Amino acid sequence: PIDSAKLKQGDILVVRESNDDYVDAIKHSIGVITEQTSEDCHTAVMAKKLGIPIILGVASATKDLFNGEMVTVQVETGVIHKGTPANMAKRLDNTL
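Fair warning: this is a prediction, and the values are worked out from it, not measured in the lab. (Residues numbered from 1 in each chain as written. Predicted model: local features only at pLDDT ≥ 70, side-chain atom pairs only at ≥ 80, totals over all residues. Heavy atoms only, no water.)

Participant: Tell me about the environment of Asp21, residues and numbers included.
Facilitator: Looking at where Asp21 falls in the secondary structure, it is placed in the loop between strand E1 (12-15) and helix H1 (23-28). Each C-alpha atom, one on Asp21 and one on Ser4, is 9.5 Å from the other, the two residues being 17 residues apart in sequence. (Helix = DSSP H or I, 4+ residues; strand = E, 2+ residues; numbered from the N terminus.)

Participant: Describe the pattern of salt bridges, listing the residues and the values that go with them.
Facilitator: Applying the stated criterion across every chain yields a total of three salt bridges. Across the pair Glu35 and Arg16 runs a salt bridge, and its minimum N-O distance is 3.6 Å. One end of the pair, Glu35, is in the loop between strand E2 (31-34) and helix H2 (42-50); the other, Arg16, is in the loop between E1 and H1, with 19 residues separating them in the sequence. By relative accessible area, which is 48% here, Arg16 ends up partly exposed. Measuring nitrogen to oxygen at the nearest pair gives 3.4 Å for the salt bridge that ties Lys48 to Glu39. (Salt bridge = Lys/Arg side-chain N within 4 Å of Asp/Glu carboxyl O. Buried < 20%, exposed > 50% of the residue type's maximum accessible area, 1.4 Å probe, protein only.)

This is the structure:
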C-alpha cells in the first residue's frame, strides 16, 4: 500500500494497477498516471470522481518514473515529459 502521508503537495501518483489502498493517495495527489488502460478501472473512476487528472495506459510508468523525479504532465494530450515546464520549453527552443 502507498502511504499517502508521504505524498507532498504537487505530487503525481504513479501506479501499475488499481487497488482500494490507493484511494487516500489519489485524494492527496494532483494527478495520476497508471499502467492500466481501462477507463472503468478503480483508479480511473476514483480520480475522475475527485476531479483529479489521470493518464491511462502508460505501459512502463512504474519502471521509467521514479520517486522524487520532476515530471510535467499534459493531460489533454496524454504526454508526460521528464522535467519542469521551463525545461520543456528550453529543449523545444533548442530544437528549432
